[in-house]
Amino acid sequence: MHHGKTRTTVAGAAAGAVLIAGTLTGCTHASDGAAPRADIAIDLPRDDSDFWRSYEKYVAAGIAEQRLRTLPVTNSHGDEAQLTAHLQQFQQARVKAVVIAPQETGDTDGILYNLYAHNINAVSVDTEPEHGYAYMVVRTDNVAYGTKACRFLGEQLKGKGKVAEVQGALISINAYDRSRGFSTCMRTDYPGIQVTELPTD
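Keep in mind the model is a prediction, meaning the values are calculated, not measured. (Residues numbered from 1 in each chain as written. Predicted model: local features only at pLDDT ≥ 70, side-chain atom pairs only at ≥ 80, totals over all residues. Heavy atoms only, no water.)

Caption draft 1: Here's a closer look at the state of the cysteines. In this structure the tally under the stated criterion is 1 disulfide. In this model Cys150 forms its disulfide with Cys185; the gap between the sulfur atoms is 2.1 Å. Disulfide Cys150 to Cys185: torsion about the S-S bond roughly -75°, handedness left-handed. Of the two residues, Cys150 sits in helix α5 (residues 142-156) while Cys185 sits in helix α6 (residues 173-189), which places them 35 residues apart along the sequence. Cys150 gets classed as buried once you look at its relative accessible area, which sits at 0%. Since its relative accessible area comes to 5%, Cys185 is described here as buried. (Disulfide = S-S within 2.5 Å. Helix = DSSP H or I, 4+ residues; strand = E, 2+ residues; numbered from the N terminus. Buried < 20%, exposed > 50% of the residue type's maximum accessible area, 1.4 Å probe, protein only.)

Caption draft 2: Broad picture of the packing of aromatic side chains. In this structure the tally under the stated criterion is 3 aromatic pairs. Centroid distance Phe51 to Trp52: 4.8 Å. Interplanar angle 90°. Geometry classified as edge-to-face. Taking the relative accessible area as the measure of exposure, Phe51 reaches 30% and is therefore partly exposed. Take Trp52: its relative accessible area is 5%, and that puts it in the buried class. Relative to Tyr55, the ring of Trp52 lies with its centre 5.0 Å away and its plane at 80°, an arrangement referred to as edge-to-face. With Trp52 and Tyr55 both in helix α2 (residues 50-66) and 3 residues apart, this pair spans about one turn of that helix. No difference in accessibility class separates Trp52 from Tyr55, as the two residues are buried. Members of the aromatic cluster, each reached through a chain of ring pairs, are Phe51, Trp52 and Tyr55. (Phe/Tyr/Trp six-rings, centres within 6.5 Å; stacked < 30°, edge-to-face > 60°.)

This is the structure:
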């Protein structure tokens, strides 16, 4: 279950997620000189694309600009076991909110339940967990992306011909939604176009 979805860019996703996490924690700064406890933990899902490298820079800028109290940013490198280990560390640090981007979105019930059970608000960026509770989801409408690609090709081909759909890993809700938007549009709006699906990772 989740409360909301926001369409956004990489800069907007990073800024939005950090701002939301800061709002959820009600951050204050220590005035007695004592080291403040971190309120927010952020796990990057990977750093193997321009999107995620840009996201990392925007997150760092958002933390500095808003003067947020965060744990050192971690990176799970697309490994769900590593993400789970990071979340356990976050729970032990007693943060109030986490910003995550689970890559295996069908396998999130356990990690999100543990956060919820520890009264930690989870903000999921770019991916929508299919199971478990997230306070908020900040992501793009990937069905619309797939539909727009379909309409562009359909118009270019004037409704007749052949196209190949190179699918992303369908274990990701983003790739699944893009593929669903593309194939539904092709079947409905351009039945004269033959689509060959090419699954990839």
